[in-house]
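# Results of the structural survey
Listed below are the residues making up each chain.
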Amino acid sequence: MTSIKHNLMTVKQQIEQACQQAHRPVEQVSLLAVSKKKPAEQIAQAHSAGQKQFGESYVQEAVEKVTQLQHLTDIEWHFIGPIQSNKTKAIAENFAWVHSVDRAKIAERLNEQRGNQDTPLQVCLQVNISGEASKSGATVEQLPELLALVDNSEHLVLRGLMAIPEKNSSAQSFEQMQALFLQYQAQYPTLDTLSMGMSGDMTAAINSGSTMVRVGTAIFGSREA
Ligand SMILES: *Cc1c(COP(=O)(O)O)cnc(C)c1O
């Protein structure tokens, strides 16, 4: 067995355990394998072990791998990195999902540039839940307007909220995200995804209602800085 296949099994067991502890059905939590800075060959290995959803953070690197792996037609690519406006076209054309939309200009460009694809783009809004000045993400105050904008966009589907909380306040941030998610789900029926939890904190995230954990290191090993 390859180490990637082994690691995938271990991560899935961790997810199962976290779900049991939280009294949640395991089907509620999906695993996004974060393959940034890892070669296409390792993605193919994970794919042959049954993993279909992959997350990437750097547009140019991702597009190269999407092209290299075009023959694996059931891969679903998710963009999870910070978005510069000159990169939206490449994102709209190469990804099924985006987790990191955090301002109106980006949502508007993605909607326009998705227009010539067969399927709409699945969108999560990134929330700067720890209020860090250096972090991407919309503030809690900016969310209502952004949710309405994405919901009204023909080529976008409003799917969820995403956060990368500060390490030392993550449990509290996860709870705040869960409260926001539940609040807005009542208003937007397509909202079904709470994207939070990484290799180091997926158990806490699942305990606070995460429906998609984004895991890199625990599957592919550490990345070069
Ligand atoms: C890199 C990254 C991850 C994965 O982090 P690990 O600690 O390697 O599991 C998850 N989410 C985002 C947004 C990332 O950039």
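See above for the structure.
I will try to describe carefully the structure that is included in this document.

Calculation rules
- Residues numbered from 1 in each chain as written.
- Predicted model: local features only at pLDDT ≥ 70, side-chain atom pairs only at ≥ 80, totals over all residues.
- Heavy atoms only, no water.
- Helix = DSSP H or I, 4+ residues; strand = E, 2+ residues; numbered from the N terminus.
- Buried < 20%, exposed > 50% of the residue type's maximum accessible area, 1.4 Å probe, protein only.
- Contact = heavy atoms within 4.5 Å.
- Areas by Shrake-Rupley, 256 points an atom, 1.4 Å probe, with all protein chains shown as cover.
- Lys, Arg positive; Asp, Glu negative; His and termini not counted.
- Charge placed at Lys NZ, Arg CZ, Asp CG, Glu CD.
- Near = heavy atom within 4 Å.
- Polar contact = N/O pair within 3.5 Å; in protein donor to acceptor, adjacent residues only side chain to side chain.
- 1 Å grid on protein atoms, 1.4 Å probe; cavity = no way out; pocket = protein on both sides within 12 Å on 5 of 7 lines; lining within 4 Å.
- Sits in = over half its atoms within 2 Å of the grid points.
- Points joined across faces, edges and corners; volume = space filled by probe spheres on them.
- Nonpolar A, V, L, I, M, F, W, Y, C, P; charged D, E, K, R; others polar.
- Pairing = 2+ DSSP bridges.
- Right-handed = clockwise from strand over helix to strand, strands pointing away.
- Arc of directions from axis to C-beta.

### Notes on the overall build of the protein chain
For the protein chain, the count of helices and strands is nine helices and eight strands. Over its C-alpha atoms, taken along the principal directions, the protein chain stretches across nearly 50 × 40 × 30 Å. Burial statistics for the protein chain: of 225 residues in total, 49% are counted as buried. Here the contacts in the protein chain between residues at least 6 apart in sequence split such that 57% fall between residues at least 24 apart. When the accessible area of the protein chain is evaluated, it comes to approximately 10,900 Å², of which 46% is carbon and sulfur surface. Charged side chains in the protein chain number 19 positive and 23 negative. The centres of these two groups are separated by 6 Å.

### Section: the site of the ligand
Taken together, Val34, Lys36, Ser57, Ile80, Ile164, Met198, Ser199, Arg214, Val215, Gly216, Thr217 and Arg223 make up the full set of residues near the ligand. With respect to the ligand, the backbone of glycine 216 contributes an N or O atom lying 2.8 Å from an oxygen atom. The separation between an oxygen atom of the ligand and a polar side-chain atom of threonine 217 is 2.5 Å. When the ligand sits alone it has 380 Å² of accessible area, and the protein chains cover 88% of it. One can see that the ligand is located within the largest pocket.

### Thoughts on the layout of surface pockets
Volume-wise, the largest pocket comes out at about 480 Å³. The wall of the largest pocket is formed by 22 residues, among which Lys36, Ile164, Met198, Arg214 and Arg223 lie closest to the centre. Its residues assigned to classes, the lining of the largest pocket comprises eight nonpolar, seven polar and seven charged. As for the second largest pocket, its lining consists of 17 residues, and the residues nearest its centre are Val66, Ile75, Trp77, Asn94 and Phe95. For the lining of the second largest pocket, the secondary-structure elements that each account for two or more residues are α3 (59-68), β3 (76-79) and α4 (88-94). Residue composition of the lining of the second largest pocket, by class: seven nonpolar, six polar and four charged.

### Digging into empty space enclosed by the protein
All chains considered together, the criterion is met by one cavity of 30 Å³ or more. Approximately 40 Å³ is the volume found for the largest cavity. As for the largest cavity, its lining consists of Gln126, Val127, Asn128, Ile129, Ser130, Glu132, Lys135, Ser136, Ile164, Pro165 and Glu166. Grouping the amino acids of the lining of the largest cavity by side-chain chemistry returns four nonpolar, four polar and three charged.

### Digging into the side chain of aspartate 102
With respect to the helices and strands, aspartate 102 occurs in the loop between β4 (97-101) and α5 (104-114). A polar atom in the side chain of aspartate 102 sits 3.0 Å from the side chain of arginine 103. Excluding residues that lie within four positions of it along the chain, aspartate 102 makes contacts with Gln126, Ser136, Gly137, Ala138 and Leu146.

### What to know about the pairing of strand β2 (residues 53-56)
Side chains Gln53 and Gly55 project from β2 onto one buried face, and the interleaved Phe54 and Glu56 project onto a second face that is buried too. Examined bridge by bridge, strand β1 (residues 30-34) and β2 share two bridges and lie parallel to one another. Each bridged residue has a counterpart across the sheet, and for alanine 33 the counterpart in β2 is phenylalanine 54. In this view, the connection linking β1 to its parallel neighbour β2 by way of helix α2 (residues 40-48) has right-handed handedness.

### Points about α3
Among the residues making up α3, those that are buried are Val59, Ala62, Lys65 and Val66. All buried residues of α3 project into a common sector of 130 degrees when viewed along the axis, lining one side. Along α3, the residues that are exposed and aim more than 90 degrees away from the buried face are Gln60 and Gln68. In this structure, the buried side of α3 is in contact with α2, β2, β3 and α4.

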